[in-house]
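Residues per chain are reported as follows:
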Amino acid sequence: MQKTYGYATHDDHSPLVPFSFERRDPGPTDIQIEILFCGVCHSDIHQARNEWGSSLYPMVPGHEIVGTVTSLGNEVTGFNIGDRVGVGCLVDSCRICPDCSDHLEQFCNAATFTYNAPDKMSGGSTYGGYSSQIVVDQHFVLHISDKLDLAAAAPLLCAGITTYSPLKHWQIGNGDKVGIVGLGGLGHMGVKFARAMGAQVVLFTTSSGKIDDAKRMGAHEAVISSNVKAMQKHRASFDFILNTVAASHNLDSYTELLKRDGTLCLVGVPDHPHPSPAIGNLIFKRRQIAGSLIGGLKETQEMLDFCVEHHIVSDIEIIPIQQINLAYERMLKSDVKYRFVIDLASLKTMG
Ligand code: NAP
Ligand code: ZN
Ligand code: ZN
């Protein structure tokens with residue numbers, strides 16, 4: 001077994017604290033990774049605090065993992081010691097069901113999430129990337145190009161793929177008008193991807209201080225969502241709106257901005273449900289409300305390659321792990337510019 005250091009929370013209301021545990025020895029198809037950086041996703045807060053009602057403790061969060069390969073099982077192909085690699089939200093799936101066959105492992109009923117999930121291989125629960133190292137089957141390990149800044153690439157593993165995948169699924173391209181709701185970790189990636197795909201991009205925010213940043217990232221326009229007049233100006237004009245908000249809110253102000261057959265896609269997973277949307281807004285223009293969950297492994301590699309081609313990474317604030325509880329408090333105040341990334345070198349002070 002492999003001694004591993006990290007940070008964990010032990011219940012739904014206590015701060016994260018230093019924690020050590022064991023990882024399995026690498027099997028024939030496993031890759032052992034020294035974790036260098038790990039992004040901080042709002043899902044980490046939801047789960048650390050049991051806001052989705054499915055938390056297993058102790059919990060080591062973190063599913064935006066980048067690092068270097070330190071050892072390889074003897075059946076691993078395509079990876080070498082020292083390679084820069086990433087691990088996102090998934091570490092296993094059944095490989096044979098229709099979802100796995102279609103490269104949509106995220107929808108596999110037997111998918112194993114990177115943390116807070118029963119660990120079918122080692123028993124207990126899976127532990128995530130707020131830790132010194134991880135052992136993952138090669139199918140769930142991504143290649144990270146040398147052309148991407150490694151720390152700024154970490155958030156691509158969740159925030160990146162979660163916004164890229166729906167934009168691709170709904171075939172966003174030149175001439176489409178796309179709205180992104182919320183300029184946090186997911187939202188700022190959504191702005192960058194939608195712009196790179198050729199869309200006319202409008203960012204909706206509750207924070208007046210984020211307007212300039214949204215435009216710098218590629219939004220053609222940024223609208224304060226509480227400004228009714230500014231919202232009205234966009235009525236019935238959007239092909240697609242991607243809503244990344246992490247809190248319960250009224251969806252009607254967005255459904256009415258869609259044109260006929262337009263889609264409001266929800267990726268935020270608030271702890272309390274959104275109020276029921278006005279049905280009239282949907283039926284009169286055949287508008288749709290949809291959802292999307294991260295992305296499969298093949299598409300995640302495609303997204304990473306797209307980022308190299310379009311010079312896209314996340315805007316990050318690097319923190320030592322000792323500041324993780326403070327980072328959570330800042331994210332809850334929408335004060336994140338625009339993803340916290342933990343530098344795991346800070347763990348070494350733990351010995
Ligand atoms: P984040 O960095 O905290 O950003 C969320 C943003 O939502 C905030 O920055 C803020 O943007 C806006 N917001 C927050 N509270 C709001 C409120 N009460 N009303 C309106 N807007 C509000 O969070 P994230 O990491 O991007 O994650 C966002 C959500 O997506 C979370 O619920 C997370 O669990 C979920 N998620 C889903 C998937 C998936 O596969 N579907 C994957 C990853 C994460 P402004 O300041 O611009 O308003
Ligand atoms: Zn995430
Ligand atoms: Zn499957």
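Everything below is about the structure shown above.
For clarity, every value in this text was computed on a predicted model and none was experimentally measured. (Residues numbered from 1 in each chain as written. Chains lettered and ligands numbered in written order. Predicted model: local features only at pLDDT ≥ 70, side-chain atom pairs only at ≥ 80, totals over all residues. Heavy atoms only, no water.)

J.: Any details on the site of ligand 1? Residues and values, ideally.
T.: In the region of ligand 1, 29 residues are neighbours, and H42, T205, T206, S207 and R339 sit closest. At 3.0 Å from a nitrogen atom of ligand 1 is found a main-chain nitrogen or oxygen belonging to V267. R339 places a polar side-chain atom, nitrogen or oxygen, 2.6 Å from an oxygen atom of ligand 1. Look at ligand 1: alone it shows 920 Å² of surface, and the protein chains cover 89% of it. Among the cavities detected, the one that contains ligand 1 is the largest pocket. If you list the elements that add at least two residues to the shell around ligand 1, you get α1 (42-48) and α5 (185-196). Examining the composition of the shell around ligand 1, we find that three residues originate from one element, α1, more than from any other. Of the residues assigned to the shell around ligand 1, the class counts are 13 nonpolar, 14 polar and two charged. (Near = heavy atom within 4 Å. Polar contact = N/O pair within 3.5 Å; in protein donor to acceptor, adjacent residues only side chain to side chain. Areas by Shrake-Rupley, 256 points an atom, 1.4 Å probe, with all protein chains shown as cover. 1 Å grid on protein atoms, 1.4 Å probe; cavity = no way out; pocket = protein on both sides within 12 Å on 5 of 7 lines; lining within 4 Å. Sits in = over half its atoms within 2 Å of the grid points. Helix = DSSP H or I, 4+ residues; strand = E, 2+ residues; numbered from the N terminus. Nonpolar A, V, L, I, M, F, W, Y, C, P; charged D, E, K, R; others polar.)

J.: Outline the coordination of the zinc ion (ligand 3), listing residues and values.
T.: Summarising the metal site, the zinc ion (ligand 3) is bound by the protein donors C94 (SG), C97 (SG), C100 (SG) and C108 (SG), whose distances to it range over 2.3 to 2.4 Å. Geometry at the zinc ion (ligand 3) is tetrahedral, judged from the four donor atoms that bind it and their angles of 104 to 116° at the metal. The sequence pattern formed by the donor residues of the zinc ion (ligand 3) is C-x2-C-x2-C-x7-C. Judged by its relative accessible area of 18%, C97 is buried. (Donors = N, O, S within 2.8 Å, 3.2 Å for Na, K, Ca; no water. Tetrahedral: all angles 85-135°; square planar, octahedral: opposite > 155°, others 65-115°. Buried < 20%, exposed > 50% of the residue type's maximum accessible area, 1.4 Å probe, protein only.)

J.: Report on the coordination of the zinc ion (ligand 2), specifying residues and quantitative values.
T.: Protein-derived coordination of the zinc ion (ligand 2) comes from C41 (SG), H63 (NE2) and C158 (SG), at a distance range of 2.0 to 2.2 Å. Each donor residue of the zinc ion (ligand 2) lies on one chain, and together they are spaced C-x21-H-x94-C. Placement of C41 in the loop between β3 (30-39) and α1 and of C158 in the loop between α3 (150-153) and α4 (159-169) is noted, with a sequence separation of 117 residues between them. Judged by its relative accessible area of 2%, C41 is buried. A relative accessible area of 5% places C158 in the buried class.

J.: Provide a residue-level description of the pairing of strand β8 (residues 133-137), including the pertinent values.
T.: Counting buried residues in β8 gives five out of five residues, a clear majority hidden from the surface. Alternating residues of β8 divide into Q133, V135 and D137 and I134 and V136, and every residue in both groups is buried. Relative to β8, β3 runs antiparallel, the two sharing five bridges. Considered in β8, the bridge of E34 is made with Q133. (Pairing = 2+ DSSP bridges.)

J.: Describe the packing of aromatic side chains, listing the residues and the values that go with them.
T.: Going through the model one piece at a time under the given rule, you end up with nine aromatic pairs. Between the aromatic rings of F19 and Y127, the centroid separation amounts to 5.7 Å while the plane-to-plane angle is 75°, which identifies the pairing as edge-to-face. Linking F19 in strand β2 (residues 17-23) with Y127 in the loop between β7 (112-113) and β8, this pair joins segments that are 108 residues apart in sequence. What makes F19 buried here is its relative accessible area of 14%. Among the residues examined, Y127 registers a relative accessible area of 17% and is labelled buried. We note K177 situated over the ring of F238; from NZ or CZ to the ring centre the distance is 4.6 Å. (Phe/Tyr/Trp six-rings, centres within 6.5 Å; stacked < 30°, edge-to-face > 60°. Lys NZ or Arg CZ within 6 Å of the ring centre and 35° of its normal.)

J.: So, helix α10 (residues 297-310): which residues are in play, and what are the values?
T.: For α10, built from 14 residues, the straight-helix expectation of 20 Å at 1.5 Å per residue is met to within 8% by its first-to-last C-alpha distance of 20 Å. Taken as a whole, α10 has its buried residues at L297, E299, T300, Q301, M303, L304, F306, C307 and V308. As for α10, its buried residues are in contact with β6 (90-92), β9 (142-143), α4 and α5. A positive backbone phi angle near 55° is found at H311, which sits one or two residues after α10. (Expected span 1.5 Å × (residues − 1). Contact = heavy atoms within 4.5 Å.)

J.: How would you explain empty space enclosed by the protein if you had to name every residue and give the values?
T.: Throughout the structure, instances matching the rule amount to one cavity of 30 Å³ or more. Each pocket or cavity is described by its volume, and for the largest cavity that value is around 90 Å³. Every residue along the wall of the largest cavity is listed here: G88, C89, L90, F140, L142, L157, I161, I294, G295, G296, L297 and T300. Looking at the lining of the largest cavity, its residues break down into eight nonpolar, four polar and no charged. (Points joined across faces, edges and corners; volume = space filled by probe spheres on them.)

That is the geometry; function is a separate question.
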